[in-house]
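# Structural overview for review
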Amino acid sequence: MAKVHPNAVAPPPPEPRAAAEQEPPTVLTVWRKSLLFNCDGFTVYDARGDLAFRVDCYASRSRTRRDVVLMDAGGKPLLTVRRKTRLAGLADRCWVIYDGDADADKSAAATPTPLLSVRRHATSGGCKTLARVDAARLALPLPAAAAPSYVVEGSYGQRACAVRDAARGGAVVAEVQRKEAVGDDVFRLVVPGPRLAAPLAMALVIALDDMFRGGSGAGGWSARSLLGRTLSA
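Conventions used here
Residues numbered from 1 in each chain as written. Predicted model: local features only at pLDDT ≥ 70, side-chain atom pairs only at ≥ 80, totals over all residues. Heavy atoms only, no water. Helix = DSSP H or I, 4+ residues; strand = E, 2+ residues; numbered from the N terminus. Contact = heavy atoms within 4.5 Å. Areas by Shrake-Rupley, 256 points an atom, 1.4 Å probe, with all protein chains shown as cover. Pairing = 2+ DSSP bridges. Axes fitted to C-alpha atoms, helices over the stretch in contact; angles between N-to-C directions. Salt bridge = Lys/Arg side-chain N within 4 Å of Asp/Glu carboxyl O. Buried < 20%, exposed > 50% of the residue type's maximum accessible area, 1.4 Å probe, protein only. pLDDT = per-residue confidence, 0-100. Core = buried A, V, L, I, M, F, W, Y, C linked by side-chain atoms within 4.5 Å. Polar contact = N/O pair within 3.5 Å; in protein donor to acceptor, adjacent residues only side chain to side chain. Phe/Tyr/Trp six-rings, centres within 6.5 Å; stacked < 30°, edge-to-face > 60°. Lys NZ or Arg CZ within 6 Å of the ring centre and 35° of its normal.

Scanning the chain for helices and strands turns up 2 helices and 12 strands. Each helix and strand of the chain, placed in order from N terminus to C terminus, yields the pattern α-β-β-β-β-β-β-β-β-β-β-β-β-α. Taking the intrachain contacts of the chain between residues at least 6 apart in sequence as the baseline, contacts between residues at least 24 apart amount to 34%. Working note: accessible area of the chain is about 13,400 Å², and carbon and sulfur atoms make up 55% of it.

Quick look at the structure:
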């Protein structure tokens, strides 16, 4: 049987599209409010207006609360943000992001998996770095050069800060942007690509919100913290 187009040459494979073209940025609208009665937290919508993430914390437990759990729209725990303070005091605080619900299993043998550790940067005159984000110890069996490392620059209080990949020339992996014609309680979270997943980016926002809540300097602002008394900045 004769071949169909016997002399046809197979076309060359299509040129791979740039990563930015393959995956558009994730744009989220973050509302610093829980939809549940008598709760504090966050409500996060995607670009279509659908519920993407939520944080619901009972206001009556704010003084003793040790964790903030980020959930999906259906209430499934995705990540846990926990503030830790050593005996050295406030300057030695860090915020650890765990996989899933860190308190879901109370057994002694169960150990939550830490993913990222967030520390406030010791700011000085003219320094725009707010915090440093590193892979939590024991979280990833990677050499130091391969472990993720980010810096947060700008002003969280002014809703104008960016998370930059310290290992890739300072590329922006997430950005908090002010939303026009609304107050500080509603803002945008833009995640340009897959380097930092949207749930992790939102967990960083929760850590920053607790880290810089209640102060009056460097763009700080006043509102109730999800984890009780915190630093000011």
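Here the narrative resumes, following the displayed structure.
Turning our attention to the sheet that holds strand β8 (residues 129-135). The 12 strands are arranged β1-β2-β3-β4-β5-β6-β7-β8-β9-β10-β11-β12 in a closed barrel whose pairing can be described as antiparallel. Taking each pair of neighbouring strands and ignoring which way they run, the sheet shows an average axis angle of 20°.

Next up on the list: the pattern of salt bridges. This model, assessed by the stated rule, comprises 12 salt bridges. The salt bridge partner of D46 is R48, with a shortest N-O separation of 3.6 Å. R188 is paired through a salt bridge with E180; the nearest N and O atoms lie 3.3 Å apart. Classification of E180 as exposed rests on a relative accessible area of 56%. Salt bridges here are not isolated pairs; linked through shared partners, they connect D46, R48 and D50.

As for its placement among the helices and strands, M202 is situated in helix α2 (residues 198-211). Taking the relative accessible area as the measure of exposure, M202 reaches 0% and is therefore buried. Residues M202 and L70, spaced 132 residues apart in sequence, show a C-alpha to C-alpha distance of 8.1 Å. With sequence-adjacent residues up to four places away left out, M202 is seen in contact with V30, F42, V44, F53, L70 and L189.

On to the confidence of the model for the chain, then. Averaged over all residues, the pLDDT of the chain is 78; the fraction at 70 or higher stands at 67%. Segment residues 139-143 is flagged for pLDDT under 50; beyond a separation of four residues in sequence, or across chains, it makes 5 contacts in the model. In this model residues 229-233 is a low-confidence stretch, pLDDT under 50, and it forms 26 contacts with partners more than four residues away in sequence or in other chains.

Counting residues in hydrophobic clusters, the biggest one holds 44 residues, and the most contacted among them are I97, V118, L189, L196 and M202. Element by element, the count of residues in this core is highest for α2, at 11 residues. Leave out the neighbours within four places in its chain, and L196 touches Y150, V163, V173, A174, V191, A201 and L204.

Before going further, it helps to spend a moment on the side chain of S34. As for its position among the elements, S34 is in the loop between β1 (26-31) and β2 (39-45). Owing to a relative accessible area of 4%, S34 belongs among the buried residues under this scheme. Of note is the side chain of S34, whose polar atom sits 3.1 Å from the backbone nitrogen of L36. Polar side-chain contacts of S34 include one of 2.6 Å to the side chain of D56. Those residues within four positions of S34 in sequence are excluded, and the remaining contacts are C39, D40, G41, F42, T43, V55 and D56.

Across 6 bridges, β1 lies against strand β12 (residues 186-191) in antiparallel orientation. In the strand pairing of β12, V30 is matched with F187.

Before going further, it helps to examine the packing of aromatic side chains. A full pass over the atoms with the stated rule returns 1 aromatic pair. Ring geometry for Y156 and F187: centres 6.2 Å apart, planes at 85°, overall edge-to-face. Residue Y156 is found in the loop between β9 (149-155) and β10 (160-165), and its partner F187 is found in strand β12; the two are separated by 31 residues along the sequence. Classification of Y156 as buried rests on a relative accessible area of 1%. One cation-aromatic arrangement involves R82 over Y98; the distance from NZ or CZ to the ring centre is 5.0 Å.

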